[in-house]
Amino acid sequence: MNAQELYAGLLERRPVAVAKSISLAERGGADSEALFNLLFGAPFHSQVIGVTGPPGAGKSTLVDRLVEQARKTGKRVGVLAVDPSSPLTGGSILGDRVRMQRHALDQGVFIRSLSNRGHLGGLSEVAYQCIRILEAAQFDLVLVESIGIGQNEIEITRMVDTTLLVTIPGMGDYVQAMKAGVMEFGDVLAINKCDLPGVGQLEKLLQDVAHDRAGDWTPPVVRITASVGEGIEALMDALDEHAQAAPAHAVRRHYERQLLDEMFRRALLRRYYEPLVKSENYQSLAREIIERRRPLQELWSLL
Ligand SMILES: Nc1nc2c(ncn2[C@@H]2O[C@H](COP(=O)(O)OP(=O)(O)OP(=O)(O)O)[C@@H](O)[C@H]2O)c(=O)[nH]1
Ligand SMILES: [Mg+2]
């Protein structure tokens, strides 16, 4: 299927088109770009939620519960698991598959782990392209689980409408260390594993951090126990409330603007810079300048 056919398939919500489009996005290349050009024109449709937090916090368990909750209200749900560390062998991805496999036969649910198989813009750009793929196929809710802490996690928060930060009791030190980060990027703060001791202490800490945050939105702190599905409804309400309070897709619009600039920069490089630098003209002039046979000024005459 070419880009045009894939796009038509997406608009018809065909699962095969979704799967093939995502594989194409991972591979990158000219067809992938052609598809993205088409995808860019599709209107915003999905509520996109990024689920972040340290390894083992229960993100996948929670995502599974959120899928279950959303299906009760008839929403179609797409799940993307972004794992920058392990392209193929990742144990956590395998774990995610097992955990979420009860939704495998549900036509209203699409689950996929993402890797970067040579895409120019890196994994985060693959992730955004995949969000757009699911959006074109009119999934109402898109959940993006990002594994690992650090740059990649923060990257993901830039391309979703709402960021859900998952913490667990005993993580006080992590929260202290991440204070600046938590203040910047959690729109909703969940405390998972509330069956374990130490919840009150963490809750107090998170509430303090949330109240210190600048801006109109104070991130709510919600207690959950994902393993038994406790607190999921209240959490979903908090996520919906954030989606309604924030200007529509403002975060994603801002990300898209930066993405456009970056794509334009790459196109310029490809079209003008690369041929020029490879030209015999440039190569010989550069050589002679280095050998001090010509002045550097002559280089600028090539512009
Ligand atoms: N006690 C308790 N354990 C939980 C709860 N939620 C999840 N777990 C367990 O925590 C472990 C990690 O859960 P995952 O859902 O894989 O965590 P994750 O954050 O997706 O992990 P990575 O993807 O590897 O970063 C599993 O053994 C879960 O069964 C909970 O509410 N209480
Ligand atoms: Mg996981």
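All values derive from a computational prediction rather than experimental measurement.

Draft legend 1. Highlighting the overall build of the protein chain. Counting its secondary structure elements, the protein chain contains 14 helices and 7 strands. The buried share among the 303 residues of the protein chain stands at 48%. In the protein chain, the proportion of contacts linking residues at least 24 apart, taken out of those at least 6 apart, comes to 78%. Accessible area for the protein chain stands at about 15200 Å²; split by element, carbon and sulfur atoms hold 54% of it.

Draft legend 2. Representation of the packing of aromatic side chains within the structure. Evaluated as defined, the whole model comprises 3 aromatic pairs. Arranged with centres 6.5 Å apart and planes meeting at 55°, the rings of Phe110 and Phe139 form a pair that is tilted. Placement of Phe110 in strand E3 (residues 109-114) and of Phe139 in the loop between helix H6 (123-136) and strand E4 (141-146) is noted, with a sequence separation of 29 residues between them. One exposure class covers both Phe110 and Phe139, and it is buried. It is Arg76 that lies over the ring of Phe139; its NZ or CZ is 4.3 Å from the centre. Stacked on the ring of Phe44, the Lys or Arg Arg132 has its end atom at 5.6 Å from the ring centre.

Draft legend 3. Layout of unusual backbone geometry. A positive phi angle, close to 60°, is found at Arg13, a residue other than glycine. Non-glycine residue Gln138 carries a positive phi angle of around 60°. With respect to the element layout, Gln138 can be found in the loop between H6 and E4. For Gln138, a relative accessible area of 27% gives the class partly exposed.

Draft legend 4. Just the side chain of Glu135, in detail. By the element assignment, Glu135 lies in helix H6. Polar contacts involving the side chain of Glu135 include one to the side chain of Arg132, which spans 2.4 Å.

Draft legend 5. Expanded view of the side chain of Lys59. By the secondary structure assignment, Lys59 is in helix H4 (residues 59-72). Although Lys59 is buried, it makes no salt bridge; Glu145 carries the closest opposite charge, 4.6 Å away. A distance of 3.1 Å separates a polar side-chain atom of Lys59 from the backbone oxygen of Gly53.

Draft legend 6. Structural view of the nonpolar core. Within the largest apolar cluster, 36 residues are counted, with the highest numbers of intra-cluster contacts made by Val18, Leu80 and Val144. At the level of elements, helix H1 (3-11), helix H2 (15-27), helix H3 (30-40), strand E2 (77-82), E3, H6, E4 and helix H12 (250-278) are the ones that each hand at least two residues to this core. If one sorts the elements of this core by residue count, H6 sits on top with 9 residues. When neighbours within four sequence positions are excluded, Leu80 is seen to be in contact with Ile22, Arg112, Leu114, Ala127, Cys130, Ile131, Leu134, Val142, Leu143, Val144 and Glu145. Counting residues in hydrophobic clusters, the runner-up holds 28 residues, among them Leu141, Leu143, Ala190 and Ile232.

Draft legend 7. Looking closely at the environment of Phe110. Judged by relative accessible area, which is 13%, Phe110 ranks as buried. For the pair Phe110 and Leu80, spaced 30 residues apart in the sequence, the C-alpha separation amounts to 8.5 Å. When residues no more than four places from it in sequence are discounted, the contact partners of Phe110 are Pro15, Val18, Ala19, Ile22, Val77, Gly78, Val79, Leu134 and Phe139.

Draft legend 8. Quick peek at the pairing of strand E5 (residues 162-167). For E5, a buried count of 6 out of 6 residues is recorded, marking the element as mostly surrounded by other parts of the structure. Side chains Thr162, Leu164 and Val166 project from E5 onto one buried face, and the interleaved Thr163, Leu165 and Thr167 project onto a second face that is buried too. Pairing geometry for strand E1 (residues 47-52) and E5, over 4 bridges, is parallel. What sits directly across from Thr52, in E5, is Leu165.

Draft legend 9. Expanded view of the packing of H3 against H12. Close contact between H3 and H12 brings their axes to 14 Å; oriented N to C, the two are set at 145°. Between H3 and H12 lies a crossing of left-handed hand. On H12, the residues that touch Glu33, Phe36 and Phe40 of H3 are Glu256, Leu259, Leu260, Met263 and Arg270. Counted by class, the contact of H3 with H12 contains 5 nonpolar, no polar and 3 charged residues.

Draft legend 10. Looking closely at the pattern of salt bridges. Inspection of every chain in the model, using the stated rule, returns 19 salt bridges. The salt bridge partner of Glu280 is Arg287, with a shortest N-O separation of 3.9 Å. Glu280 gets classed as exposed once you look at its relative accessible area, which sits at 56%. Residues participating in the shared-partner salt-bridge network are Glu288, Glu291, Arg293, Arg294 and Glu298.

The rules behind each value
- Residues numbered from 1 in each chain as written.
- Chains lettered and ligands numbered in written order.
- Predicted model: local features only at pLDDT ≥ 70, side-chain atom pairs only at ≥ 80, totals over all residues.
- Heavy atoms only, no water.
- Helix = DSSP H or I, 4+ residues; strand = E, 2+ residues; numbered from the N terminus.
- Buried < 20%, exposed > 50% of the residue type's maximum accessible area, 1.4 Å probe, protein only.
- Contact = heavy atoms within 4.5 Å.
- Areas by Shrake-Rupley, 256 points an atom, 1.4 Å probe, with all protein chains shown as cover.
- Phe/Tyr/Trp six-rings, centres within 6.5 Å; stacked < 30°, edge-to-face > 60°.
- Lys NZ or Arg CZ within 6 Å of the ring centre and 35° of its normal.
- Polar contact = N/O pair within 3.5 Å; in protein donor to acceptor, adjacent residues only side chain to side chain.
- Lys, Arg positive; Asp, Glu negative; His and termini not counted.
- Salt bridge = Lys/Arg side-chain N within 4 Å of Asp/Glu carboxyl O.
- Core = buried A, V, L, I, M, F, W, Y, C linked by side-chain atoms within 4.5 Å.
- Pairing = 2+ DSSP bridges.
- Axes fitted to C-alpha atoms, helices over the stretch in contact; angles between N-to-C directions.
- Left-handed = near helix turned anticlockwise from the far one by under 90°.
- Nonpolar A, V, L, I, M, F, W, Y, C, P; charged D, E, K, R; others polar.

These figures come from the coordinates and say nothing about function on their own.
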